[in-house]
Amino acid sequence: MTELNSRIPAGPIEKKWDQHRFDMKLVNPANKRKYDVIVVGAGLAGASAAATMAELGYNVSCFVFHDSPRRAHSIAAQGGINAAKNYQNDGDSVYRLFYDTVKGGDFRAREANVYRLAQVSVNIIDQCVAQGVPFAREYGGLLANRSFGGAQVSRTFYARGQTGQQLLIGAYQALERQIALGKVKMHTHSEMLELVVADGRARGIVVRNLLTGAVTAHAADAVVLATGGYGNVFFLSTNAMYSNVTASWRAHKKGAAFANPCYTQIHPTCIPVSGEHQSKLTLMSESLRNDGRVWVPKKQGDTRPPSQIPESERDYYLERKYPSFGNLAPRDIASRAAKEACDDGRGVGPGGLGVYLDFADSIKRLGKKTISERYGNLFDMYQRITDENPYEVPMRIYPAVHYTMGGLWVDYNLMSNVPGLHVIGEANFSDHGANRLGASALMQGLADGYFVLPYTIGNYLAGVKPEKVDVNTHPAFTDAVRAVKQQGETLLGIKGKRTVDSFHKELGKIMWDKCGMARTREGLEEALQRIPALREEFWRNVNVPGSGASLNQSLEKAGRVADFIELGELMCRDALHREESCGGHFRVEYQDDGEAQRNDDDFAYVAAWEWAGNGQAQRLLKEPLVYENVKMATRSYK
Amino acid sequence: MRLTLHVWRQSGPSTPGKLETYPIDGVDADMSFLEMFDMLNEQLTLEGKEPVAFAHDCREGICGSCNMMISGQAHGPWKGATTCQLHMRAFKDGDEIWVEPWRAKAFPMVKDLVVDRSAFDRIIQAGGYISVNTGGARDANEILIGKEVVDESMDAAACIGCGACVAACPNASASLFTGAKITHLGLLPQGQPERDRRALAMVEQMDLEGFGHCTLTGECQEACPKEISIDVIKRMNRDYAVAAARYVEPKETAGAG
Ligand SMILES: Cc1cc2nc3c(=O)[nH]c(=O)nc-3n(C[C@H](O)[C@H](O)[C@H](O)COP(=O)(O)OP(=O)(O)OC[C@H]3O[C@@H](n4cnc5c(N)ncnc54)[C@H](O)[C@@H]3O)c2cc1C
Ligand code: SF4
Ligand code: FES
């Protein structure tokens, strides 16, 4: 059985990273160009890693399924990025950011990783500014900050409501510069469909060119996955339509353990579903909770328009329940509170699945101009979708799937249990525990890509000889190519009666109902019956039109949905086994007066699942979580 | 509502294409334009036909993937919005809608409504960046930048690389896109050292890619979903002229040891 070794360096937490950097083996500059590294993905994590490793001298090949690296899902991040700069002099520090993140994650993250994240956060902002990222500034020319949920200091840097876009453009430009210099070979429209493990090490990938259908193998001395999160397993989420789990899942099937799959983040402020046709959900940035107040009517079934509900008949439930954090309570807590209000029959809008996010007080206090300066583009976005003007009527919001804390298991060096396979960004499980704080995903993606992986990968490479393999003859490569071709042919040959989307929607509904905001043993057991049946029907009855020899979006989707179905099953199994409530994982049976009831005696571990073969239940591996610096306590935001 | 769609179908770069007509019923005013296309594609699949290929991803106006010419307007009738942000309440029962891809020599056809916009990446490769390696940057607050300056830079940096400006331009010029990048970086103090080089290299690459010349007709700024102003083109032209007059390529020095 596989042993998980987290490789956390010894020593006091403040010294671990420095000491580790000193202890790690180095690849001498002249030798770096002898090593080939494959990076899959060019979101914040992948683009920053590919550019930085190329700057250091490695030969990098970067693969994305997009037509340009600039289109990665990271582009959509709105609100901001955290860093412990303490520019506002409000008591922030590396230690506070570390502490907030560990606590925000409900004590289910690895301390040493989180501390390092907080340490390098300050370098990220410097790097991005040097690249020309136009972060918001004060009149005096200094950087501006805003607050995000789960923190009582202002440490979030932003570029209007387009922070992800601006950070990604910065990393993309750095990447394009390396492409022009010939240090990165960019492969667009290339979807990774297999990881190649040869002689016990990750040695390459197999990709399908989405335009020509050509299936090719690529070898390297190390492989990095930066392929993002899997929120689209729910069909409806705030993720971009193409975000998927395939790269991670295929690596999982080749031996990489999948950690904490059930930890999903449901974001409290999204535009509610408007009908059956809905294809995705739109986030309204959490930054809105800086100035918006969340409320529902006190009376059940109150259908009066909001303007006619007097102050005394409104329940500002976050302010009432969590007076010290108020509207800035962390996401898991705010989402659950919204669900409770709606379950109690006090929801607003169609179907009673919504709560108000009201700016009237802030507009009165600060003026419409200030509010529009802060959130103008979000207000416009809201109006376009709903046809309602949020300057005049409160927004209606409802929780939606947004982010996945789970992902491939990695050690302190960001390497999975498959030697040579590194995983960064949302695709790994590392830093957010059971719940991620706002503005911390961008921070983690760039920390991994700019400041962590480029060092730690050297430690791995220094221990292996740069070796070429012949992808045309090595059996691990030829087998993987054959498997990919075979899968495409099988999918095209089924010619059943149901569309790919209809399966995806059905899976999404099971996941949302049974493995969403509130989970029960009974519901999860039911899902574990229904999902395998759905998988069986998929492989018998899916209809994938067209051919495999050109652009075929149905075929692409079919492969991704097939993987989502298997992942969904694993998520339910993970959720069922975790008999406690923590962060984004809320088991109805384990609560204490409506608040999550964690069980540190039995569940203070990372649950990493190891593939056991088709149709077999995965094996559970445990990495115990040891807290040496922060005392595990019941999370309170009251 | 019930609509009639005329959609460009072309199976590949070298095969001829044509408009196909599809009636579609049950369209809801709250649907987005692309959700209406999802519905059409489900319908086509169930009829045993091949669905329409179209580019999209974020569906919230930021990734720049979606690109439909809707009844002659790039991204359709709503100002300051992308195709994915357009909602069906912009149309009424019985409407006929023509949907075609971006058309420009520098954006070769891929399939149906999908075209190849990699020319934009190559324009960025030519110089659309600030040359700083990771590590070693000084503290972010040591560079003071006035709010007005950063705001103006951000206006230009908001470009999503969709190519509507090219599609809308009678000359298929990429000047709004290129000007936006030159403006974003050229306004910032960090962007000054490479300002001349950047303007020269990016403009030259734009010409090499086969984009047309700008005659300041202004169609681009009308079509731009991020409402980027043609002032960025004026700035690009100025930067280019100044750079052309004074820029000398630095000599490569090998370093004597
Ligand atoms: C609407 C929204 C708003 C957000 N706002 C914030 C915010 O304000 N602050 C914050 O901190 N976080 C925010 N987040 C979260 C954050 O944006 C993401 O977690 C983060 O950007 C993920 O980055 P990444 O680099 O890991 O992956 P991604 O950006 O998802 O990139 C994945 C890359 O992998 C490639 N890829 C994937 N699979 C394959 C494959 N099989 N083959 C080839 N290529 C592949 C894709 O082409 C892409 O390049 C937000 C998320 C959403 C959905
Ligand atoms: S300038 Fe406007 S229209 Fe042109 S690519 Fe950028 S966002 Fe699109
Ligand atoms: S799909 Fe991303 S901008 Fe339209």
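Residues numbered from 1 in each chain as written. Chains lettered and ligands numbered in written order. Predicted model: local features only at pLDDT ≥ 70, side-chain atom pairs only at ≥ 80, totals over all residues. Heavy atoms only, no water.

**Observations concerning the packing of helix α14 (residues 500-515) of chain A against helix α16 (residues 553-577) of chain A**
Between two packed helices, the angle of one axis relative to the other and the distance separating the axes together describe the packing.
Residue and element names in this part refer to chain A.
Inference 1: Running from N to C, α14 and α16 cross one another at 20°; their axes reach a closest spacing of 10 Å. In terms of their interaxial angle, α14 and α16 are classed as roughly parallel. In terms of crossing hand, the pair formed by α14 and α16 is left-handed. Taking contact as the criterion, the partners of Val500, Asp501, Phe503, His504, Leu507, Met511 and Cys515 in α14 are, on α16, Ser554, Lys557, Ala558, Val561, Phe564, Ile565, Gly568, Met571, Cys572 and Ala575.
Inference 2: Taken together, the residues of the contact of α14 with α16 sort by class into 12 nonpolar, three polar and two charged. (Axes fitted to C-alpha atoms, helices over the stretch in contact; angles between N-to-C directions. Helix = DSSP H or I, 4+ residues; strand = E, 2+ residues; numbered from the N terminus. Parallel < 35°, antiparallel > 145°, perpendicular 65-115°, else oblique. Left-handed = near helix turned anticlockwise from the far one by under 90°. Contact = heavy atoms within 4.5 Å. Nonpolar A, V, L, I, M, F, W, Y, C, P; charged D, E, K, R; others polar.)

**Comments concerning the domain arrangement of chain B**
Residue and element names in this part refer to chain B.
Inference 1: In terms of domains, chain B is made up of domain 1 (3-100) and domain 2 (117-246).
Inference 2: Averaged C-alpha coordinates put domain 1 and domain 2 at centres separated by 30 Å.
Inference 3: Each partner contributes residues to the interface: domain 1 has 15 residues there, and domain 2 has 13 residues.
Inference 4: At the junction of domain 1 with domain 2, the criterion picks out two salt bridges.
Inference 5: Its salt-bridge partner being Lys79, residue Glu222 comes within 3.9 Å of it at the nearest N-O pair.
Inference 6: Here domain 1 and domain 2 share three residue pairs in polar contact (both at pLDDT 80 or more) between them.
Inference 7: Looking at side-chain class alone, the side of domain 1 that touches domain 2 contains seven nonpolar, seven polar and one charged residues. (Domains from an automatic or database assignment. Salt bridge = Lys/Arg side-chain N within 4 Å of Asp/Glu carboxyl O. Polar contact = N/O pair within 3.5 Å; in protein donor to acceptor, adjacent residues only side chain to side chain.)

**Concerning the interface of chain B and chain A**
Inference 1: Of the residues lining the interface, 72 residues belong to chain B; the matching set on chain A comes to 76 residues.
Inference 2: Our count for the contact surface shared by chain B and chain A stands at five salt bridges.
Inference 3: The salt bridge involving A:Asp387 is made with B:Arg89; its shortest N-O contact spans 3.7 Å.
Inference 4: Applying the counting criterion to the chain B and chain A interface returns 43 residue pairs in polar contact (both at pLDDT 80 or more).
Inference 5: Counting only elements with at least two residues in the side of chain B that touches chain A, the list comes to α1 (33-46), β6 (109-111), α2 (118-127), α3 (147-157) and α5 (175-186) of chain B.
Inference 6: The biggest single contributor to the side of chain B that touches chain A is α3(B), with eight residues.
Inference 7: Here the side of chain B that touches chain A is built from residues that sort into 32 nonpolar, 19 polar and 21 charged.

**With respect to the sheet that holds strand β8 (residues 215-219) of chain A**
Residue and element names in this part refer to chain A.
Inference 1: What the three strands build is an open sheet, ordered β6-β7-β8; its pairing is antiparallel. Lying at the two open borders of the sheet, with one neighbouring strand each, are β6 (190-198) and β8. Geometrically, the sheet is characterised by an average inter-axis angle of 25° between neighbouring strands, direction not taken into account. (Pairing = 2+ DSSP bridges.)

**Remarks on the site of ligand 1**
Residue and element names in this part refer to chain A.
Inference 1: Taken together, 38 residues surround ligand 1, and among them His66, Ser74, Met192, Glu426 and Leu442 come closest.
Inference 2: Within the backbone of Leu44, an N or O atom sits 3.1 Å from an oxygen atom of ligand 1.
Inference 3: Between Ala441 and ligand 1, the recorded distance is 2.9 Å, taken from a backbone N or O atom to an oxygen atom.
Inference 4: Alone, ligand 1 offers 1000 Å² of accessible surface; in the complex the protein occludes 98% of this.
Inference 5: Those elements that provide at least two residues to the shell around ligand 1 are α3 (44-56), β6, β15 (395-404) and α12 (441-461).
Inference 6: Residue composition of the shell around ligand 1, by class: 18 nonpolar, 16 polar and four charged. (Near = heavy atom within 4 Å. Areas by Shrake-Rupley, 256 points an atom, 1.4 Å probe, with all protein chains shown as cover.)

**Some details on the sheet that holds strand β11 (residues 264-270) of chain A**
Residue and element names in this part refer to chain A.
Inference 1: Spatial ordering of the open sheet is given by β11-β15-β14-β12-β13, a layout of five strands whose pairing is antiparallel. The open sheet has two edge strands, β11 and β13 (314-315), and neither has a second partner.
Inference 2: Two strands pair when backbone bridges link them, and strand β12 (residues 293-297) and strand β14 (residues 355-358) are joined in this way by three bridges, in the antiparallel orientation. Looking across to β14, one finds that Val294 is bridged to Leu357.
Inference 3: Docked against the sheet, helix α9 (residues 331-343) engages β11, β12, β14 and β15, running at close to 65° with respect to β11.

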